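Given next are the chains, with one letter for each unit.
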Amino acid sequence: MKDCVFCKIANGMLPSTKVYEDDDVIAILDINPATRGHTLVMPKTHYDNFLSTPREILTKVMIVAQRLGQIAMKQLHARGVNILTNCYPVAGQSVLHFHVHVIPRYDTTDGLQISMKDMSEEKINLPTIAKEITKGM
Ligand code: AMP
Ligand code: ZN
């Protein structure tokens, strides 16, 4: 897609630090890493996010993400890995081309912090919320 940074990286119009490439998938080091070895895995074809990516492409991307997570543990001596993908700006997506973050973790105070607020009223509503979700399945 025109003007998409990751499309430009995938087709070689912009430079990147590539760690993996095949016909459908590319993995690059994040230019602004949260931790050492923070990698982005993405399809070469443009899809806006995880939710709009076809299953067969999703599978290919996730298989590479898993491999990179395993390699982070072995080669970079990470003690854990976060695999995450943001969908839409409200969820923190800043580049609107589907990508999966593979973030090696070294300790709980390294560069990534994920926190969840305690939303007590949502706890009370669990059965209602479950009904709304299952209606859509
Ligand atoms: P998100 O906020 O989930 O959309 O993640 C986008 C990620 O892409 C951020 O972590 C950025 O640091 C990273 N990023 C943006 N531009 C580039 C680039 N040209 N090369 C590598 N990583 C990039
Ligand atoms: Zn794109």
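Let us look at the structure shown here. It should be emphasised that the depicted structure is a prediction, and the values quoted were computed from it without experimental measurement. (Residues numbered from 1 in each chain as written. Chains lettered and ligands numbered in written order. Predicted model: local features only at pLDDT ≥ 70, side-chain atom pairs only at ≥ 80, totals over all residues. Heavy atoms only, no water.)

So, on to the overall build of the protein. Helices and strands together make up the secondary structure of the protein, namely four helices and five strands. If you list the helices and strands of the protein from N to C, you get α-β-β-β-α-β-β-α-α. For the protein, the spread of C-alpha atoms along the three principal axes comes to 50 × 35 × 25 Å. The burial tally for the protein puts 32% of its 137 residues in the buried class. Sequence-distant contacts, at least 24 apart, represent 53% of the contacts inside the protein between residues at least 6 apart. Across the protein, the 15 positively charged side chains and the 14 negatively charged ones have centroids separated by 3 Å. (Helix = DSSP H or I, 4+ residues; strand = E, 2+ residues; numbered from the N terminus. Buried < 20%, exposed > 50% of the residue type's maximum accessible area, 1.4 Å probe, protein only. Contact = heavy atoms within 4.5 Å. Lys, Arg positive; Asp, Glu negative; His and termini not counted. Charge placed at Lys NZ, Arg CZ, Asp CG, Glu CD.)

Distances from the zinc ion (ligand 2) to its protein donors, C4 (SG), C7 (SG), H46 (ND1) and H97 (ND1), fall at 2.1 to 2.3 Å. Classification of the site at the zinc ion (ligand 2) as tetrahedral follows from its four donor atoms and the range of 105 to 117 degrees in their angles at the metal. Sequence positions of the donors to the zinc ion (ligand 2) reduce to the motif C-x2-C-x38-H-x50-H. Highlighted residues: C7 in helix α1 (residues 5-10) and H46 in the loop between β3 (39-43) and α2 (55-75), separated in sequence by 39 residues. The residues C7 and H46 share a single accessibility class, namely buried. (Donors = N, O, S within 2.8 Å, 3.2 Å for Na, K, Ca; no water. Tetrahedral: all angles 85-135°; square planar, octahedral: opposite > 155°, others 65-115°.)

With that settled, the discussion passes to the side chain of H97. As for its position among the elements, H97 is in the loop between β4 (80-84) and β5 (100-105). H97 sits in the buried class, given a relative accessible area of 0%. From its side chain, H97 meets the backbone oxygen of P43 in a polar contact 2.8 Å long. Among the polar contacts made by the side chain of H97, one reaches the side chain of H46 at a distance of 3.3 Å. Excluding residues within four positions of it along the chain, H97 makes contact with C4, F6, C7, M42, P43, K44, T45, H46, Y47 and D48. (Polar contact = N/O pair within 3.5 Å; in protein donor to acceptor, adjacent residues only side chain to side chain.)

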